[in-house]
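Topology and contacts: notes
As a plain string of letters, each chain reads:
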Amino acid sequence: METVNAPPHMVLVPLPAQGHINPFISIANYLAASGVSVTLVRSARAHSLLSSASKGSSPSDPPQNTEKGKIRIEVVPDGMSVDPTQHVPVGTFLNSINIIRNGVEELLYKLMQEEQPPCCLLVDNLIGWGHDVAVKFGLAWMMLWTGSASGFSIGFYIPQLVARGYIPAIGEEAKQRIVDFIPGMSPFCIRDLPKAIIVEEDPSNKPMFQFFLSIYESAKHADRLLVNSIYELENSVVEALRKEAGFKIEPIGPLFMMGAFSDATKSPAASLLQEDTSCLYWLDEQQESSVLYISFGSVASIEEDAVKELAYGLEASGLNFLWVIRPDALPDKKSVEDLFPEGFIERTCDRGRVISWAPQLAVLGHRVVGAFLTHCGWNSVLESLCNGVPMLGFPLQADQNTNLQCIVHDWKVGLPLLKPNVQQVERLHAQWAMTAIMRGDEGREIRKHVIQWKEVAINAVHGSSKANLEKLVDDLKCGRL
Ligand code: UDX
């Protein structure tokens, strides 16, 4: 009798943040539809928020079956609040990474006893314990880098930045120094580094700095580094990481578009907050390319003064807008009305909407959206680029400075919101930048570039990224890990 090989079993561990959950769900769907057995780990906070946000809407939990494989969802403790209006401090979030580790280890003890034990672990890029856990259980392991290859490369070369005296960067002059030695990357200035890296004191005393270093150290040991990017977008960086740093790095993005290979209607729930889909009806009534979409992602909050300056600039610009203000981003439990200049919402109600969470992919794909004022989180950048939407960048934390640098200088798909060397939002300049990206010659030129990159992304979905994902599945099936 012919023996049928059991499908390979992979355990996926994302962190409980929207920008990490989204790419993990896409890859889980892809793998499951390709005949890989998938266990998707969910932290308790993510599980609770996903369940309440998806109530009454499809898709929903519990575990889903896709055509070929099965996505099994396992919930582990994370020590975090399940209140969506409560902002999670960075320290609590980082602490949750170790709590999740305990849960994952307990789960692996259980899974290893089952008929079809896992062969491979796929961990989030902010998890530094992938290697240790994989060794403990005799598993192969991979890291899914949810940011850009450029962001990874910059981080990988942090020890060199320290050794060459760029870090610590004390004073403005030191922050303007140009770094031109990172293989495959265009020159950039210290200001374009992730904020946690631009320290003014000895970095050995800086916990966030050390945390980032440990991530890159851990990545060196991964059997494969999967990156949610497009080879053609970052080919020189990817090649340099392969040749000069010896990484087995495979761009497999944009992952949200790779869902075309699975049945998206059967996906597990993805949104941590309830989407306000009514904004889509409002968008339907607007004119082509007339709406500026404004959102600063799933984690960062912008200062109250910056919100007010932006609002004054926006009002003076006369532009239509859709603006997302998350409930957890409101300072001191203020109301949305209190956050804006007095009367702003009433005065702009004929041309603008403020909502708490958008169906972002549908918004960016809507014909009326002319540009995206974004914090430059990597998922938002990919989603904007792949929908041909020009960006106005206002980076706030993490890898977002680096992403803006690539957006403006390498891919020419956006403008910075702030003037060079200015750190604060200023209403007159904001008005100029918003008008320039929506209606100016700058915006027209940028739109041409972004449409070209959109084509590149679509080609990658059927070309380079698809090939890398197919190779991953083949290797999993043949045990070539
Ligand atoms: C952070 C980092 O900045 C990012 O670069 C990293 O790779 C992941 O974590 P985050 O603030 O979560 O990012 O932003 P982003 O990467 O843009 O992800 C946000 C996700 O939430 C996007 O997929 C976006 O579509 C979704 N979103 C955002 C919504 O669905 N609705 C909204 O209203 C806002």
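Please refer to the structure higher up on the page.
Residues numbered from 1 in each chain as written. Predicted model: local features only at pLDDT ≥ 70, side-chain atom pairs only at ≥ 80, totals over all residues. Heavy atoms only, no water.

Following both chains from N to C, one finds helix 1 (residues 18–33) and helix 20 (residues 464–478) inclined at 60 degrees, their axes separated by 11 Å at the closest point. Taken as axis vectors, helix 1 and helix 20 run oblique relative to one another. The element helix 1 and its partner helix 20 pack so that their crossing is right-handed. Contacts from Ile27, Tyr30 and Leu31 of helix 1 reach helix 20 at Lys466, Leu469, Glu470, Leu472, Val473 and Leu476. (Axes fitted to C-alpha atoms, helices over the stretch in contact; angles between N-to-C directions. Helix = DSSP H or I, 4+ residues; strand = E, 2+ residues; numbered from the N terminus. Parallel < 35°, antiparallel > 145°, perpendicular 65-115°, else oblique. Left-handed = near helix turned anticlockwise from the far one by under 90°. Contact = heavy atoms within 4.5 Å.)

All right, on to the sheet that holds strand 14 (residues 391–393) then. Within the open sheet, the 6 strands sit side by side as 12-11-10-13-14-15. Their pairing is parallel. In the strand order of this sheet, the two ends are held by strand 12 (352–355) and strand 15 (414–416), each with one partner. Geometrically, the sheet is characterised by an average inter-axis angle of 15 degrees between neighbouring strands, direction not taken into account. (Pairing = 2+ DSSP bridges.)

Among the structural elements, Met10 can be located in strand 1 (residues 9–13). Judged by relative accessible area, which is 0%, Met10 ranks as buried. Through-space distance from the C-alpha of Met10 to that of Ala270 is 19 Å; in sequence the pair is 260 residues apart. With residues near it in sequence (within four places) discarded, Met10 still touches Leu31, Val36, Ser37, Val38, Thr39, Cys120, Leu122, Met142 and Leu476. (Buried < 20%, exposed > 50% of the residue type's maximum accessible area, 1.4 Å probe, protein only.)

Relative to each other, helix 12 (residues 304–317) and helix 18 (residues 427–439) sit at 50 degrees, their axes nearing to 8 Å. As judged from the angle between their axes, helix 12 and helix 18 are oblique. Where helix 12 crosses over helix 18, the handedness of that crossing is right-handed. Contacts from Glu309, Leu310, Tyr312, Gly313, Leu314, Ala316 and Ser317 in helix 12 reach Arg427, Ala430, Gln431, Met434, Thr435 and Arg439 in helix 18. Of the residues belonging to the contact of helix 12 with helix 18, the class tally is 6 nonpolar, 4 polar and 3 charged. (Nonpolar A, V, L, I, M, F, W, Y, C, P; charged D, E, K, R; others polar.)

The immediate surroundings of the ligand are formed by 23 residues, with Ser298, Ala358, Ser380, Glu383 and Gln400 found nearest. In this structure, an oxygen atom belonging to the ligand sits 3.3 Å away from a main-chain N or O atom of Gly19. Interatomic distance of 3.2 Å between a backbone N/O atom of Thr146 and an oxygen atom of the ligand. Relative to its unbound accessible surface of 660 Å², the ligand loses 95% to contact with the protein. Of all the secondary-structure elements, those providing two or more residues to the shell around the ligand are helix 1, strand 10 (291–295) and helix 16 (378–386). Of the residues that constitute the shell around the ligand, the class distribution is 6 nonpolar, 15 polar and 2 charged. (Near = heavy atom within 4 Å. Polar contact = N/O pair within 3.5 Å; in protein donor to acceptor, adjacent residues only side chain to side chain. Areas by Shrake-Rupley, 256 points an atom, 1.4 Å probe, with all protein chains shown as cover.)

Overall, the coordinates contain 23 salt bridges when judged by the stated rule. Put simply, Glu114 and Arg72 hold a salt bridge, and the shortest N to O gap is 2.9 Å. Here Glu114, found in the loop between helix 3 (90–112) and strand 4 (120–124), pairs with Arg72, found in strand 3 (residues 71–76); they are 42 residues apart in sequence, far enough to count as distant. In this structure, the salt-bridge partner of Lys334 is Glu304, at a minimum N-O distance of 2.5 Å. (Salt bridge = Lys/Arg side-chain N within 4 Å of Asp/Glu carboxyl O.)

Between Ile167 and the following residue, Pro168, the backbone shows a cis peptide bond with an omega angle of 0 degrees. With respect to the helices and strands, the residue Pro168 is situated in the loop between helix 6 (158–163) and helix 7 (171–175). Residues Gly253 and Pro254 are joined by a peptide bond in cis, for which omega reads 0 degrees. With respect to the helices and strands, the residue Pro254 is situated in the loop between strand 9 (249–251) and helix 10 (255–258).

Fair warning: the whole summary comes from geometry, so function is off the table for now.
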